[in-house]
Amino acid sequence: MRLDTLVSPFPVALPDAFPGDAEIERIEYDSRRADAGCLFVCMPGARTDGHDFARFAYEAGCRCFLAEHKVDLPADAAQIIADDTRALLPALSARFYGNPADKLELIGITGTKGKTTTALLTTAILNSAGIPTAYVGSNGVIIRDTRIETANTTPESRDIHMYFRAMVAAGIRVAVLEVSSQALAHHRTDGLRFAATAYLNLSEDHIGPSEHKDFDDYMAAKARLFSDFSSDVTVYNADDAYAARVLAGCRAPKISYSMRGDADFSGFSPVSYREDGVLGVAFDCLANGKTTHVWLRSPGDFSVYNALCAIALCRRFGVSVETAAEALRETSVLGRFEIVDALPDRTFIVDYAHNGLSLTKALSVLRQYEPRRLICVFGSVGGRTKGRREELGRAAAALADYSIITSDNPDFEDPEAIMRDIASYFSEDAPHEMIADRGEAIRRAVEISAPGDIVLFAGKGHESYQLVEGKKLPFSERDIIRRAAAELPVAGR
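A brief report on the enclosed structure follows. Remember, predicted model here, so these are calculated numbers, not experimental data.

1. Examining the sheet that holds strand 8 (residues 146-148)
Part 1: Strands sit in the order 8-7-6-9-5-10-11-12-13-14-15 across an open sheet of 11 strands; the sheet is mixed. If you trace the sheet from one side to the other, it starts and ends with strand 8 and strand 15 (290-296), each paired once. When strand polarity is set aside, the average angle formed by the axes of neighbouring strands in this sheet is 20°.
Part 2: This element, helix 4 (residues 115-128), spans strand 5 (105-110), strand 6 (133-137), strand 7 (140-143) and strand 9 (174-178) of the sheet and lies at about 170° to strand 6.

Take a look at the structure:
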């Protein structure tokens, strides 16, 4: 696309020598991917400022820049100035990729817990019903049989529109998006129109120097999805204490779901079950005066809430509760209470629980299955609020029979220091040990497990890497669990 065609609709200041006929092949915001064919967008971030990396983009051959102020570059660099480059990027990207969102029906899901599971359950139901549906969220981007890893729960706006174009090319009709508070605060989803939005729940999380300054700021970011975006319908959790405040600005028709009383979609009589290695829950769903029995391949009331939301969202697209229930019985979610079949008579579970609330819920639910011992392997990410470490430590100390404290994306922080922080919240009568190498910690857990035990590997979930000193090192908990089991003496299997 010609540069003048790309930027002409927007309120920007053009340089005197504006190369309007320059062909733009890509929009880039990472200088490491910049070259002669791109428009490089300088965006301020929480830790770094893209303006500081413009020189690297120039040295890679880039000559067209979108910035918030003049950058020290040679005279042949065309610098287009905008008030807010991050806020402009969504509309710029939509124009560059041919407005692909207009050819899709979008579902946006937000909440502190359950976004990934709810989004993937919704995607599975719609696909099972013959409605081609793609997914964008913590588990990456899934377009038919292709899965693409992503850095953020909700990618940058440029990437979102790039993926939308790929979806349209693949014949996708519906795209299900996890919409994070950071995405809403930083304009990643600006300009999108939703066929449906959903609110799950709210609790303290993502509060810290590089995220939200306090809980009110976090809640206000979530609320933007319902006040600032157009949606045909909003599905919401009527049991959540913050629902009324978050939805105060919502103008769309509302559909409620609940496990406590009357709602458009009500779940009741949940029963835990253990079958063929699956820890699940079955419940009855009452909607439109009809009751449908639903089986889920994950345990706990929170799984029922996620399923109710997914069922309600799919009704917007004409999918019956019965059809949804058939799909849910066969659906598992990568990294969310995912069972790894490795040894007989014991259960290994990989889950993304990475803060105190989610770990408390996970361990409490597993207690309902009366394990011989409940073993927990977990850590806490580096560079985040230390309050999370206290929550995690207290949860594991109170609910696990034995804990192995280890690393979880330590990044530039000393793993030993993180582990000591967590361990300081364990009392003397809460058995635990510390192993900095997560691979060794996993092997240790497999080795000490015995028939009847449940072992929860918490924190990594779907992730296929460990973040160490700024580098993503390949890491698969599932592979390590299976290898450790295979290496045990025959008598231990």
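Moving on, there is more to tell.
2. Describing helix 11 (residues 356-367)
Part 1: Helix length check: helix 11, at 12 residues, gives a terminal C-alpha distance of 16 Å against a target of 16 Å (1.5 Å per residue), a fit within 8%.
Part 2: Contact partners of the buried residues in helix 11: strand 14 (278-287), helix 9 (301-315), strand 17 (347-351), strand 18 (374-378), helix 12 (387-399) and strand 21 (454-458).
Part 3: Where helix 11 starts, the residue carrying a side-chain oxygen 3.3 Å from the main-chain nitrogen of Leu357 turns out to be Asn355.

3. Brief notes about unusual backbone geometry
Part 1: Even without a glycine there, the phi angle at Asn99 is positive, about 50°.
Part 2: With respect to the helices and strands, Asn99 occurs in the loop between helix 3 (85-96) and strand 5.
Part 3: Residues other than glycine seldom take positive phi values, yet Asn288 does so here, at roughly 55°.
Part 4: Here Asn288 is to be found in the loop between strand 14 and strand 15.
Part 5: Its relative accessible area of 71% is what places Asn288 among the exposed residues.

4. What about the nonpolar core?
Part 1: Ile107 and Phe265 are the most contacted members of the largest nonpolar core, which totals 44 residues.
Part 2: Those elements that provide at least two residues to this core are strand 5, helix 4, strand 9, strand 10 (196-199), strand 14, strand 15, helix 9 and helix 10 (321-328).
Part 3: Examining the composition of this core, we find that 10 residues originate from one element, helix 9, more than from any other.
Part 4: Setting aside residues no more than four positions away along its own chain, Ile107 makes contact with Thr122, Leu126, Val174, Ala175, Val176, Leu177, Phe194, Ala196, Leu313 and Phe317.

5. Digging into the pairing of strand 7
Part 1: The pairing of strand 6 with strand 7 spans 3 bridges and is antiparallel. Within the sheet, the bridge partner assigned to Gly137 lies in strand 7 and is Gly140.
Part 2: Taking the residues between adjacent antiparallel strands as the criterion, strand 6 and strand 7 are bridged by 2 residues.
Part 3: As defined by bridge partners, strand 7 adjoins strand 8 across 3 bridges and the pair is classed as antiparallel. The residue of strand 8 that forms the bridge with Ile142 is Arg147.
Part 4: The loop that links strand 7 with its antiparallel partner strand 8 comprises 2 residues; one of these, Arg144, has a positive phi angle of about 55°.

6. Notes on the side chain of Thr197
Part 1: Within the secondary structure layout, Thr197 lies in strand 10.
Part 2: Classification of Thr197 by relative accessible area gives buried; the value is 0%.
Part 3: Aside from chain neighbours lying at most four places away, what touches Thr197 is Gly108, Leu225, Phe226, Ser231, Val233, Thr234, Val235 and Leu313.

7. Some words on the packing of helix 4 against helix 10
When two helices pack together, you describe them by how their axes are tilted relative to each other and by the distance separating the axes.
Part 1: Between helix 4 and helix 10, the least distance of the axes is 9 Å, while the angle of their chain directions is 110°. In terms of axis orientation, helix 4 runs roughly perpendicular to helix 10. Considering how the two elements wind past one another, helix 4 and helix 10 form a crossing that is right-handed. Taken together, the residues of helix 10 that come into contact with helix 4 (itself represented by Leu121, Ala124, Ile125 and Ser128) are Ala324, Ala327 and Leu328.
Part 2: A per-class count over the contact of helix 4 with helix 10 returns 6 nonpolar, 1 polar and no charged.

8. Describing the packing of aromatic side chains
Part 1: By the definition in use, this model includes 11 aromatic pairs.
Part 2: Arranged with centres 6.2 Å apart and planes meeting at 45°, the rings of Phe348 and Phe457 form a pair that is tilted. With a gap of 109 residues between them, Phe348 in strand 17 and Phe457 in strand 21 connect regions that are remote in the sequence.
Part 3: The class for Phe348 is buried, based on a relative accessible area of 0%.
Part 4: By relative accessible area, Phe457 is classed as buried at 0%.
Part 5: Connected via pairs of aromatic rings, a cluster forms that spans Phe215, Tyr218 and Tyr242.

Basis of the calculations
One numbering rule holds for all chains: residues counted from 1, following each sequence as written. Selection of residues for local features in this predicted model requires a pLDDT of at least 70, selection of side-chain atom pairs for listing and counting requires 80 or more, and totals for whole chains, interfaces and linings are taken over all residues. Side-chain numbers here rest on the full set of heavy atoms in the structure, without hydrogens or water. At least two DSSP bridges between two strands are needed for those strands to be called paired. Under the DSSP-based scheme used, a helix requires at least four consecutive residues in state H or I and a strand at least two consecutive residues in state E, with every element numbered from the N terminus. For helices, the fitted axis covers only the stretch in contact; all axes are lines through C-alpha atoms, and the angles between them, taken along N-to-C directions, range from 0 to 180 degrees. Every residue pair with non-hydrogen atoms within 4.5 Å of one another is taken to be in contact. Helix span, as expected, comes to 1.5 Å for every residue beyond the first. Counted as a polar contact is a pair of N or O atoms within 3.5 Å, where, for protein atoms, one must be capable of donating a hydrogen and the other of accepting one, and residues adjacent in sequence contribute only when both atoms are in side chains. The cut-offs for exposure are 20% and 50% of the maximum accessible area for each residue type, with area from a 1.4 Å probe on protein chains only; residues under the lower value are buried, those over the upper are exposed, and the others partly exposed. In these notes, a set of buried Ala, Val, Leu, Ile, Met, Phe, Trp, Tyr and Cys residues joined through side-chain atoms within 4.5 Å is what counts as a nonpolar core. Should an angle lie under 35 degrees it is considered roughly parallel, over 145 roughly antiparallel, and from 65 to 115 roughly perpendicular; all remaining angles are considered oblique. Handedness of each helix crossing follows the sense of rotation of the near helix against the far helix: counterclockwise by less than a right angle gives left-handed, clockwise gives right-handed. In this count, Pro and Cys sit with the nonpolar residues alongside Ala, Val, Leu, Ile, Met, Phe, Trp and Tyr, while Asp, Glu, Lys and Arg are called charged and the others, Gly among them, polar. Stacked, tilted and edge-to-face are the three classes assigned to paired rings of Phe, Tyr and Trp, where Trp is represented by its six-membered ring and a pair needs centres within 6.5 Å; plane angles under 30 degrees give stacked, over 60 edge-to-face, the rest tilted.

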